[in-house]
Amino acid sequence: GENVEQHPSTLSVQEGDSAVIKCTYSDSASNYFPWYKQELGKRPQLIIDIRSNVGEKKDQRIAVTLNKTAKHFSLHITETQPEDSAVYFCAALKPLVSGGYQKVTFGTGTKLQVIP
Amino acid sequence: GAGVSQSPRYKVAKRGQDVALRCDPISGHVSLFWYQQALGQGPEFLTYFQNEAQLDKSGLPSDRFFAERPEGSVSTLKIQRTQQEDSAVYLCASIEGASYNEQFFGPGTRLTVL
């Protein structure tokens with residue numbers, strides 16, 4: 001089955017600096033990679049996603065890169081702000097032959113702290 | 001309409017008790033997932049429905065866990081003879097179609113087994 005590893009588990013940055021979180025996956029059939037932000041006691045919220053036919057995607061201060069050959073993808077947050085402080089999860093999804101998704105596998109999470 | 005809703009939001013059960021957790025996905029969403037999230041961990045996949053069909057239940061940790069979605073909308077996750085290790089937040093998520101797209105998560109049900 002799929003195995004998703006996420007690093008680092010905790011990350012502290014100064015406000016205005018960049019933050020990078022990395023994930024690796026094992027199953028080459030996985031083709032959709034979302035990133036979620038989860039604040040304490042809240043539900044995960046999708047912040048950006050990337051599909052396997054794309055190498056990079058950017059949305060304002062957030063970007064995701066994907067290296068299919070190496071089976072890793074990364075989240076980049078630039079100009080960090082205190083409100084970016086949260087736990088971030090990566091995930092990998094692979095399609096069923098019949099359509100739909102099977103066994104969404106999440107990373108173990110990165111607790112990001114942005115210090116004002 | 002509204003987003004994904006779950007009930008109850010909090011449930012305290014005595015060990016050995018049966019519990020039922022409800023998920024109301026966004027109306028019309030075809031795909032529905034259940035996850036278990038232990039404190040400080042990422043969500044762990046439990047099961048996946050496409051309409052009323054349970055296409056994958058390989059993440060259910062034991063035969064005490066059972067999920068259903070009989071009419072392809074509301075889903076119920078049932079846990080029989082609860083154990084302390086079942087204590088976690090149970091998240092439900094839905095997707096509009098059958099193919100990949102944004103998962104919308106519910107607020108979760110925090111289950112505490114005493």
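Fair warning: this is a prediction, and the values are worked out from it, not measured in the lab.

K.L.:
Would you mind showing me how to read the side chain of A:Thr80 here?
P.N.:
All names here are of chain A. Counting through the fold element by element, Thr80 comes out in the loop between strand 8 (72–77) and strand 9 (86–95). The class of Thr80 is buried, set by a relative accessible area of 1%. A distance of 3.3 Å separates a polar atom in the side chain of Thr80 from the backbone oxygen of Gln14. Not counting the four nearest positions on each side in its chain, Thr80 is found in contact with Val13, Gln14, Glu15, Gly16, Asp17, Ser18, Ala19, Arg61 and Val114.

K.L.:
Whenever I open this one, the packing of aromatic side chains confuses me. Can you help?
P.N.:
Aromatic ring pairs are defined here through the distance separating the ring centres and the angle between the ring planes. According to the stated counting rule, one finds 14 aromatic pairs over all chains in the structure shown. Judged by centre distance (6.5 Å) and plane angle (80°), the rings of A:Phe89 and A:Phe106 are edge-to-face. Pair noted here: A:Phe89 is in strand 9 and A:Phe106 is in strand 10 (residues 101–106), with a separation of 17 residues, a long-range link. The exposure class of A:Phe89 is buried, given its relative accessible area of 2%. In this structure A:Phe106 comes out as buried when scored by relative accessible area, which is 8%. Between A:Phe106 and B:Tyr35, the aromatic rings sit 5.4 Å apart at their centres with planes inclined by 90°, giving edge-to-face as the arrangement. Placement of the pair is A:Phe106 in strand 10 and B:Tyr35 in strand 4 (residues 31–37), with the two residues belonging to separate chains. Side by side, A:Phe106 and B:Tyr35 carry an identical accessibility label, which is buried. Put simply, the rings of A:Tyr36, A:Phe89, A:Phe106, B:Phe33, B:Tyr35, B:Phe45, B:Tyr48 and B:Phe105 pair up and form one aromatic cluster.

K.L.:
Would you take a moment to explain the state of the cysteines for this structure?
P.N.:
Two cysteines whose sulfur atoms are joined by a covalent bond form what is called a disulfide. A full pass over the atoms with the stated rule returns 2 disulfides over all chains. In this model A:Cys23 forms its disulfide with A:Cys90; the gap between the sulfur atoms is 1.9 Å. Residues A:Cys23 and A:Cys90 share a disulfide whose torsion about the S-S bond is about -95°; that sign makes it left-handed. Within this pair, whereas A:Cys23 is found in strand 3 (residues 19–25), its partner A:Cys90 is found in strand 9, the two being separated by 67 residues in sequence. Of the residues examined, A:Cys23 reaches a relative accessible area of 1% and is grouped as buried. You can call A:Cys90 buried: its relative accessible area is 0%. The disulfide bridge from B:Cys23 ends at B:Cys92, spanning 1.8 Å between sulfur atoms. With the S-S bond torsion at -60°, the cross-link from B:Cys23 to B:Cys92 turns out left-handed. A residue pair is termed long-range when its members are at least 10 positions apart, and B:Cys23 in strand 3 (residues 19–24) and B:Cys92 in strand 9 (residues 88–95) qualify at 69 residues. Pair check on accessibility: B:Cys23 and B:Cys92 agree, each one buried.

Calculation notes
Residues numbered from 1 in each chain as written. Chains lettered and ligands numbered in written order. Predicted model: local features only at pLDDT ≥ 70, side-chain atom pairs only at ≥ 80, totals over all residues. Heavy atoms only, no water. Helix = DSSP H or I, 4+ residues; strand = E, 2+ residues; numbered from the N terminus. Buried < 20%, exposed > 50% of the residue type's maximum accessible area, 1.4 Å probe, protein only. Polar contact = N/O pair within 3.5 Å; in protein donor to acceptor, adjacent residues only side chain to side chain. Contact = heavy atoms within 4.5 Å. Phe/Tyr/Trp six-rings, centres within 6.5 Å; stacked < 30°, edge-to-face > 60°. Disulfide = S-S within 2.5 Å.

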